[in-house]
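Listed below are the residues making up each chain.
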Amino acid sequence: MKTVCNIFCSVFALCTVFFTSCVTAADYDFSAIDASLSSGDYEGIYQVLETDSSVLYSSHDEVLYNLDRGLISHYSEDYSRSNEELTVAEQKIYEFFSKSITQSISSFLINDTVIDYAGELYEDIYTNIFMALNYIHQGNIEDAFVEIRRFDNKLKTSSAQYADLIAQANVSNSENGINTVDVPNVEFHNSALARYLSLILYRSTGKLDSAEVDKKYIKNAFELQPSIYDFSMPSCIEEEFNVPEDQCRLNIIAFTGRAPIKVEDVTRVMAVDASVYYKLALPIMKKQASVVKDIEVSVIDSNGNEVASTKMEKIESIENIAMDTFEQKQALLYLKAITRSISKSLSTSVFGEMAESENVSAEASIIFSLLEFGSMISNEVTERADVRSSRYFPATAWVTGLNVVPGEYDVVIQYKTESGSIYSQKTYSTKVDSSSLNLMETICLR
């Protein structure tokens, strides 16, 4: 009987460890950070990320740690620090994507949260967009072009990488009698936002032929990817080529809302004879609602006169792209989760069969019953979806451009709700001249 008690205590202790290990960033109170997002206190958020890093990020979350800090640094206009942190995030994404293949053994035993987070495709590629913007704000046009090209190259190769991994997993599962899945078709292959940045960079350096090429790519993005670009192409694109000789172009880019979050979707199945219990936990992406439905811009000269006004137009739905590009990874996660769940359930079933066997003693039968119970609890607790993702990528990018004479201006940005009321108003002072790219950026992550 002492052996039985020891087994019971061991099973209880194991389950306790599993339950306590489930306390993660998901249990963190983000209300203070969300309030700071609303007020634009990005440096305050940065300090919280640093102070509470041990709670917010595990040892497997280096990518998230650097992505979050890099984005918040960008929003707080510390562009040099942002590039340093986003560079580390990008390097870790590359390292961990390959490393995660070798870590698959441990993830098959427990779940995907025990492997190093290698980022989602949209997180990887938009890291280059924000690095390009960092360089633009620093006046480094050459490196901005480099980041835009790297964005494009990643987009061309990433889909094929996931397709290969899904094919490999299908072969393995098929050999073990597990159903295969089709490789999801990813629609996103051309970014209007990346092409827009390239266009205005070329236009500002006088390379109008190259800018015309980017304009054609922008049109193709809207025509060939209708589910991604489910809104009209910005009319201001055409206006980029019609700047009067005595005027300069003031371009404005806005980021609003927040990219989708991941939530856990759980399916539980008990065999008809109640001999085998399966639990399947998968991450699904869910969009976050934004209060901003319209953005109006007014340009005020030094005499207090409004010299230009316009509405901003959507150019990129980062949330649509996140949902689209996640489908391939989700298919791969499904294949892994099915294999893992079956493996865990078979272990439980073996303990159950041994407990009911006539060839074991009464004490051994109790021990196997306890092991069966412990295995079932372990399966329930450890089978969890990996819902990690960066919290600070925006959902939508907006653009506009205005022709004004060279000078100093106040630019008033009004973020409006669906009812037309002003949710937030921001005023920026800027100098517009013909010797540089006049690009202003504004943020409202709500």
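Residues numbered from 1 in each chain as written. Predicted model: local features only at pLDDT ≥ 70, side-chain atom pairs only at ≥ 80, totals over all residues. Heavy atoms only, no water.

### Here's the deal with the packing of helix 3 (residues 42-51) against helix 5 (residues 62-75)
- For the pair helix 3 and helix 5, the least separation of the axes is 8 Å and the interaxial angle reads 160°. Viewed along their axes, helix 3 and helix 5 adopt a mutual orientation that is roughly antiparallel. Viewed along their axes, helix 3 and helix 5 form a crossing whose handedness is left-handed. Two secondary-structure elements touch here, helix 3 through Tyr42, Ile45, Tyr46, Leu49 and Glu50 and helix 5 through Tyr65, Asp68, Arg69, Ile72, Ser73 and Tyr75.
- For the contact of helix 3 with helix 5, the per-class residue count stands at 7 nonpolar, 1 polar and 3 charged. (Axes fitted to C-alpha atoms, helices over the stretch in contact; angles between N-to-C directions. Helix = DSSP H or I, 4+ residues; strand = E, 2+ residues; numbered from the N terminus. Parallel < 35°, antiparallel > 145°, perpendicular 65-115°, else oblique. Left-handed = near helix turned anticlockwise from the far one by under 90°. Contact = heavy atoms within 4.5 Å. Nonpolar A, V, L, I, M, F, W, Y, C, P; charged D, E, K, R; others polar.)

### Brief notes about unusual backbone geometry
- Look at Glu77: it is not a glycine, yet its phi comes out positive at around 70°.
- Tracing the backbone through its elements, the reader meets Glu77 in the loop between helix 5 and helix 6 (79-102).
- With a relative accessible area of 53%, Glu77 lands in the exposed category. (Buried < 20%, exposed > 50% of the residue type's maximum accessible area, 1.4 Å probe, protein only.)

### A word on the packing of helix 5 against helix 8 (residues 121-137)
- Put simply, helix 5 and helix 8 touch, their axes get as near as 11 Å, and they point 30° apart. Judged on the interaxial angle alone, helix 8 and helix 5 are roughly parallel. When the axes of helix 5 and helix 8 are compared, the crossing they make is left-handed. Residues Leu67, Leu71, His74 and Tyr75 of helix 5 lie in contact with helix 8, whose contacting residues are Glu123, Thr127, Phe130, Leu133, Asn134 and His137.
- Looking at side-chain class alone, the contact of helix 5 with helix 8 contains 5 nonpolar, 4 polar and 1 charged residues.

### Side note on helix 2 (residues 31-39)
- Within the sequence span of helix 2, burial applies to Ile33, Ser36 and Leu37. Buried residues along helix 2 cover an arc of 105° about the axis, so they all sit on one side. Set apart from the buried face of helix 2 by more than 90 degrees, the exposed residues are Ala32 and Ser39.
- Its buried side turned inward, helix 2 meets helix 3. (Arc of directions from axis to C-beta.)

### Quick notes on empty space enclosed by the protein
- Inspection of every chain in the model, using the stated rule, returns 1 cavity of 30 Å³ or more.
- Its boundaries defined by the atoms lining it, the largest cavity holds a volume of some 40 Å³.
- What lines the largest cavity is Asp112, Ala281, Leu282, Pro283, Leu333, Ala337, Arg340, Arg384, Ala385 and Asp386.
- At the level of elements, strand 3 (277-286) and helix 13 (318-356) are the ones that each hand at least two residues to the lining of the largest cavity.
- Of the residues contributing to the lining of the largest cavity, the split by class is 6 nonpolar, no polar and 4 charged. (1 Å grid on protein atoms, 1.4 Å probe; cavity = no way out; pocket = protein on both sides within 12 Å on 5 of 7 lines; lining within 4 Å. Points joined across faces, edges and corners; volume = space filled by probe spheres on them.)

### Thoughts on the pairing of strand 4 (residues 294-300)
- Across the 7 residues that make up strand 4, a large majority, 6, are buried.
- Note: strand 4 against strand 8 (residues 407-416), 7 bridges, orientation antiparallel. From the neighbouring strand, Glu296 faces strand 8, where its bridge partner is Gln414.
- Here strand 4 runs beside strand 5 (residues 306-311); their pairing, made up of 5 bridges, is antiparallel. Among the inter-strand pairings, Ser298 is bridged to a residue of strand 5, identified as Ser309.
- Once strand 4 ends, the chain turns through 5 residues before running back antiparallel as strand 5, passing Gly304 with a positive phi of about 85°. (Pairing = 2+ DSSP bridges.)

### Side note on the pattern of salt bridges
- Counting across every chain of the model gives 26 salt bridges.
- Glu43 is the partner of Arg81 in a salt bridge, and the nearest nitrogen-oxygen pair spans 3.2 Å. Of the two residues, Arg81 sits in helix 6 while Glu43 sits in helix 3, which places them 38 residues apart along the sequence.
- On the basis of relative accessible area, Glu43 is assigned to the partly exposed category, the value being 34%.
- Glu95 serves as the salt-bridge partner of Lys92, at 3.6 Å between the closest nitrogen and oxygen. One end of the pair is Lys92 and the other is Glu95, both in helix 6 and 3 residues apart, which spans about a single turn. (Salt bridge = Lys/Arg side-chain N within 4 Å of Asp/Glu carboxyl O.)

### Notes on the nonpolar core
- Of all hydrophobic cores here, the largest spans 80 residues; its most connected members are Tyr126, Phe188 and Leu197.
- With 11 residues, the single largest contributor to this core is helix 8.
- With near-sequence residues (within four places) excluded, Tyr126 lies in contact with Phe151, Phe188, Ser191, Leu193, Glu316, Ile318, Ile321 and Phe393.
- Counting 21 residues, the second largest nonpolar core, distinct from the first, contains Ala308, Tyr409, Val432 and Met440. (Core = buried A, V, L, I, M, F, W, Y, C linked by side-chain atoms within 4.5 Å.)

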